[in-house]
Amino acid sequence: MTGVRKLEHATMAVTDLEESVDCYTDVFGLDELDRRDGVVYLGCGLDENYDLALTEGGTGIEHFAIRLTDAEIDAYERRLADTEADVRRTDGAEPGQESGVRVSLPSGIDVELVSVADTRYLHPTKATADRLGVAPLDLDHINLMSDAIEEDVAFLEDHLDFDVSDEIVEEDGSTVQSWMRHGRFHHDAGFTRTDDPAETLHHIAFQFESFDHIKLFCDRLAQHGYQLEYGPSRHNAGSNLFAYFWGPGGNRIELSAEMATLDPDTETGVRVLEEESNTVSSWGGSPPKQEFLEKGS
Ligand SMILES: [Fe+2]
Ligand SMILES: [Fe+2]
């Protein structure tokens, strides 16, 4: 089965739903798979599972989901019942979804465990006819803004078996950023510290095949008036290639390729903020503006 123990989908608020749907379908080449109760479900088109759902009004993340098996989901539900957390079943609540369990992190962001109907691998010639060749392959990872970063990280470690792959700490040991995995990818979910509880998302990342694929997509973005905020370059954490821009509807988007895969026993890489000249790019070059490091949606 493809994508098991990997980020499966996310629901994101946008300031203008129809304008955003038009951009995600016409410019990015995503497919509109379904729309119900004001939620539009979009897929990258190489399988029939939705990757990104959009809702009207505001910005940021409502929930993100990790794909597991039905048996794993049942086991986590039993473990979560021993916590104070608010746990809900979401079986069949979204298109293509079979089992589901949703729980709120201490910061208030919801994480969901799901199994899906279409478990094929991503097959280029099985893609839907509407899909552009330059479209992203899949959702890759999500990076959240959290006003309770240490509590969120501990919750995911203690109750849902996530591991920290990398973190940046201040000299006093407090966490500034954390990157967490459930399976073999370096990170499925990252966290960036914020003092603003209204901000929930630093960026959502789509998977691209290569730097050339990112290049073609950036050309397409430029043709439609979208300019990069930072990159392209290669990250320190995860070693993935990246480029960032502010997408339609007020959320930051990352184009990502070559995310590292890790042995489950890999130790956490801990870096101290004051000792880093550029925490974002391993190639150096110009560091990002402060707004990139601190502003989310
Ligand atoms: Fe979901
Ligand atoms: Fe990222």
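Throughout, a residue's number is its position along its own chain's written sequence, starting from 1. The order in which chains are written sets their letters, starting at A; the order in which ligands are written sets their numbers, starting at 1. Side-chain atom pairs in this predicted model are given and counted only at pLDDT of 80 or more, local residue features only at pLDDT of at least 70, and totals for whole chains, interfaces and linings cover all residues. No hydrogens and no water enter the side-chain calculation; it runs on all heavy atoms of the structure.

Participant: What am I meant to see in the pairing of strand β15 (residues 241–246) here?
Facilitator: Consecutive side chains along a regular strand alternate between the two faces of the sheet. The buried count for β15 comes to 5 of 6 residues, which makes it a mostly enclosed element. The sheet contact formed by strand β14 (residues 228–234) and β15 spans 4 bridges and is antiparallel. Each bridged residue has a counterpart across the sheet, and for Arg234 the counterpart in β15 is Leu241. Any two strands with at least two DSSP-identified bridges between them are counted as paired. Put simply, DSSP marks the helices as runs of H or I at least four residues long and the strands as runs of E at least two long, and each gets a number from the N terminus on. Two successive antiparallel strands, β14 and β15, enclose a turn made up of 6 residues, where Gly238 displays a positive phi of approximately 95°. As judged from the 6 bridges shared by β15 and strand β16 (residues 252–257), these two strands associate in the antiparallel manner. Bridging across to β16, Phe245 finds its partner in Ile253. Counting the residues between successive antiparallel strands, the hairpin from β15 to β16 contains 5 residues, one of them, Gly249, with a positive phi of roughly 85°. Only protein chains enter the calculation, and the probe is 1.4 Å; a residue is then buried if its accessible area is under 20% of its type maximum, exposed if over 50%, and partly exposed in between.

Participant: Can you walk me through the coordination of the iron ion (ligand 1) in this structure?
Facilitator: In an ideal octahedron of six donors the angles at the metal are 90 or 180 degrees, and in an ideal tetrahedron of four donors they are 109.5 degrees. Donor atoms: N, O and S within 2.8 Å of the metal, or within 3.2 Å for Na, K and Ca. Because water is excluded, sites can look incomplete. At 1.9 to 2.1 Å from the iron ion (ligand 1) lie its protein donor atoms, namely His9 (NE2), His63 (NE2), Glu94 (OE) and Glu112 (OE). Think of it this way: with four donors and all angles in the 85 to 135 degree range, the site is tetrahedral; with four or six donors, opposite ones beyond 155 degrees and the rest between 65 and 115, it is square planar or octahedral; otherwise it is irregular. Classification of the site at the iron ion (ligand 1) rests on its 4 donor atoms, whose angles at the metal span 94 to 130°, yielding the label tetrahedral. Sequence spacing among the residues donating to the iron ion (ligand 1) works out to H-x53-H-x30-E-x17-E. Residue His9 is found in strand β1 (residues 7–14), and its partner His63 is found in strand β5 (residues 60–67); the two are separated by 54 residues along the sequence.

Participant: I'm lost on unusual backbone geometry in this one. Help?
Facilitator: Where the residue is not glycine, phi is negative for most of them; where a peptide bond is considered, it is trans in most cases. Omega for the bond connecting Gly231 with Pro232 falls within 30 degrees of zero, at 5°, which places this linkage in the cis form. By the secondary structure assignment, Pro232 is in strand β14. Its identity as a non-glycine residue notwithstanding, Asp37 has a phi of 50°, on the positive side. Summarising the element assignment, Asp37 is placed in the loop between β2 (31–36) and β3 (39–43). Here the phi dihedral of Glu258 falls at roughly 65°; this positive angle occurs in a residue that is not glycine. One can find Glu258 in the loop between β16 and β17 (269–272). The partly exposed category is assigned to Glu258, whose relative accessible area is 44%.

Participant: Would you mind showing me how to read the sheet that holds β2 here?
Facilitator: Strands in a sheet are paired, the pairing made by backbone hydrogen bonds, and the direction either parallel or antiparallel. Spatially, β2-β3-β4-β1-β5-β8-β7-β6 is the arrangement adopted by the 8 strands of the open sheet, whose pairing is mixed. The outermost strands of the open sheet, each flanked by one partner alone, are β2 and β6 (87–89). Looking at each pair of strands side by side, their axes are set apart by 20° on average, direction ignored. In this description, contact between two residues means that some pair of their heavy atoms is separated by no more than 4.5 Å. To obtain an axis, a line is fitted to C-alpha atoms, over the contacting stretch when the element is a helix, and the angle between two such axes runs from 0 to 180 degrees between their N-to-C directions. In this fold helix α2 (residues 70–80) packs onto β6, β7 (97–104) and β8 (110–116), with an angle of close to 25° to the strand it touches most, β7.

Participant: Please explain the nonpolar core as it appears in this structure.
Facilitator: Note that soluble globular proteins tend to have their nonpolar side chains buried in a common cluster. With 57 residues, the main nonpolar core has Tyr24, Phe28, Phe64, Ile142, Leu160, Phe206 and Leu255 as its most contacted residues. Only buried Ala, Val, Leu, Ile, Met, Phe, Trp, Tyr and Cys residues count toward a nonpolar core, and they belong to the same one when joined by side-chain atoms within 4.5 Å. Counting 5 residues, the second largest nonpolar core, distinct from the first, contains Phe242, Tyr244, Val280 and Phe292.

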